[in-house]
Amino acid sequence: MAFFENRTSDIHCRPSTSLKFEKHLHTNVEFVVMLRGKTRAYADNKGGVLSAGQAFIVFPNQIHHYTDDLGDYYCLIFIFDPKTLPSFYKKFMKFTPKEPIIDFDSEKLSSLYHLILCEINIPTEYSKNILENSLGVILSYVFRNIEFVETDKTHLTALQTILQYCNDHYTENISLDTIAQNIHMNKYYISHVFNKEIGISLPEYLNTLRIRDATMLLKEGAMSITDIAFAVGFNTLRSFNRRFLEHTGKTPKQVKNEYFCIIFINYAYFMQKPCI
């Protein structure tokens, strides 16, 4: 299944030990540097095993997903507005990589990874500039090894239009009729697209959006579980806990506690020298 994600912040960066996302697409660039271990990553049905020392990049409006079936790993994930890096903007908007997994000499950039982790762990008023400039240097090295294919990104497809509406309104009480009326499409056509391209019912799809959003908020740690449940569109805490357990196999409290424990352990493992 796939979902559309519309982020608004200029740049988002965090270390991660799990990239297990359902198929989704968004208008930003997603860039992953694998620091240790390996996983599987795919964009527009291309990709495969992403190993330590490799990078994975997704351009705007590419459907992509990850699977966690190859053991433990540790990576940096960047998600940013393509306008954040003006020198790369034309590439992001008019081209896509022929292959999304890229081999490059990552050892040359190890000091930048260290710097980025330091800025995430001990943020300052200059952290945003440091992250943007560090990312620009990393992408410059990576782009040397990418073969680009020109694409037409001037219009959203029907699938993207449907998913974008769901993304914009998933915290509300919406239905197939609501979607059809607001995006001016036949509801039977929308249903056909869901069955063919996504493979689940509309209510299940909307809950997938809500659970993924909730998972991100749990990992950020700034909100209570109750506040998160209502913020993502559930009417009761009980229904949120039940759906969350069905989708993830864990309770919200388990996910919140496990994330911070694992991130701390991996951060300590990877860091070879103190932050300045």
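Our subject is the structure that appears above.
Counting starts from 1 at the beginning of each chain's written sequence and moves along it residue by residue. Only residues with pLDDT of at least 70 get local features here, since the model is predicted, and only at 80 or more are side-chain atom pairs given and counted; chain-wide, interface and lining totals rely on the full set of residues. Based on all heavy atoms of the structure, the side-chain values leave hydrogens and waters out of the count.

K.L.:
Outline the overall build of the protein chain, supporting the account with residue identities and numerical values.
P.N.:
Numbering of helices and strands starts at the N terminus; helices are DSSP runs of H or I of at least 4 residues and strands are runs of E of at least 2. Each helix and strand counted, the protein chain has 10 helices and 11 strands in total. For each residue, the accessible area found with a 1.4 Å probe, counting protein chains only, is set against the maximum for its type, and the residue is called buried under 20%, exposed over 50%, and partly exposed in between. Relative to its 276 residues, the protein chain shows a buried fraction of 49%. Relative to all contacts within the protein chain whose residues are 6 or more apart in sequence, the contacts with residues 24 or more apart total 72%. Areas reported here follow the Shrake-Rupley algorithm with a probe of radius 1.4 Å; residue values treat only the protein chains shown as occluding. For the protein chain, the exposed surface amounts to about 14100 Å²; the carbon and sulfur share of it is 51%. Contacts are assigned to residue pairs with any non-hydrogen atoms lying within 4.5 Å of each other.

K.L.:
Any chance you could break down the packing of aromatic side chains for me, citing the residues and the numbers?
P.N.:
The description of an aromatic ring pair uses the distance of the two centres, along with the angle that the planes make with each other. Centre distance within 6.5 Å is the pairing criterion for rings of Phe, Tyr and Trp, where only the six-membered ring of Trp is used; planes under 30 degrees apart are then read as stacked, over 60 as edge-to-face, and the remainder as tilted. As enumerated under the stated definition, the model contains 13 aromatic pairs in all. Think of it as a cone above the ring: NZ of Lys or CZ of Arg counts as a charge over the ring if it is within 6 Å of the ring centre and within 35 degrees of the ring normal. The lysine or arginine in question, lysine 91, covers the ring of phenylalanine 95, its NZ or CZ lying 4.9 Å from the ring centre. Of note, arginine 144 hangs over the ring of tyrosine 141, and the distance from its end group to the ring centre comes to 4.8 Å.

K.L.:
Talk me through the packing of helix H4 (residues 158–169) against helix H7 (residues 202–220); I want residue IDs and the actual numbers.
P.N.:
Fitted lines through C-alpha atoms serve as axes, helices being fitted only where they are in contact, and the angles separating the N-to-C directions of these axes extend from 0 to 180 degrees. Close contact between H4 and H7 brings their axes to 10 Å; oriented N to C, the two are set at 60°. On the basis of the axis angle, H4 is oblique to H7. Along this stretch, H4 crosses H7, giving a crossing that reads as right-handed. Contacts between H4 and H7 pair Leu163, Cys166 and Asn167 from the former with Leu202, Tyr205, Leu206 and Leu209 from the latter. By the convention adopted, Pro, Cys, Tyr, Trp, Phe, Met, Ile, Leu, Val and Ala count as nonpolar, Lys, Arg, Asp and Glu as charged, and the other residues, Gly among them, as polar. Residues belonging to the contact of H4 with H7 are distributed by class as follows: six nonpolar, one polar and no charged. Here is the rule for angles: anything less than 35 degrees is roughly parallel, anything more than 145 is roughly antiparallel, 65 through 115 is roughly perpendicular, and the remaining ranges are oblique. Left-handed is the label given to a crossing in which the near helix is rotated counterclockwise from the far helix by less than a right angle, and right-handed is the label when the rotation is clockwise.

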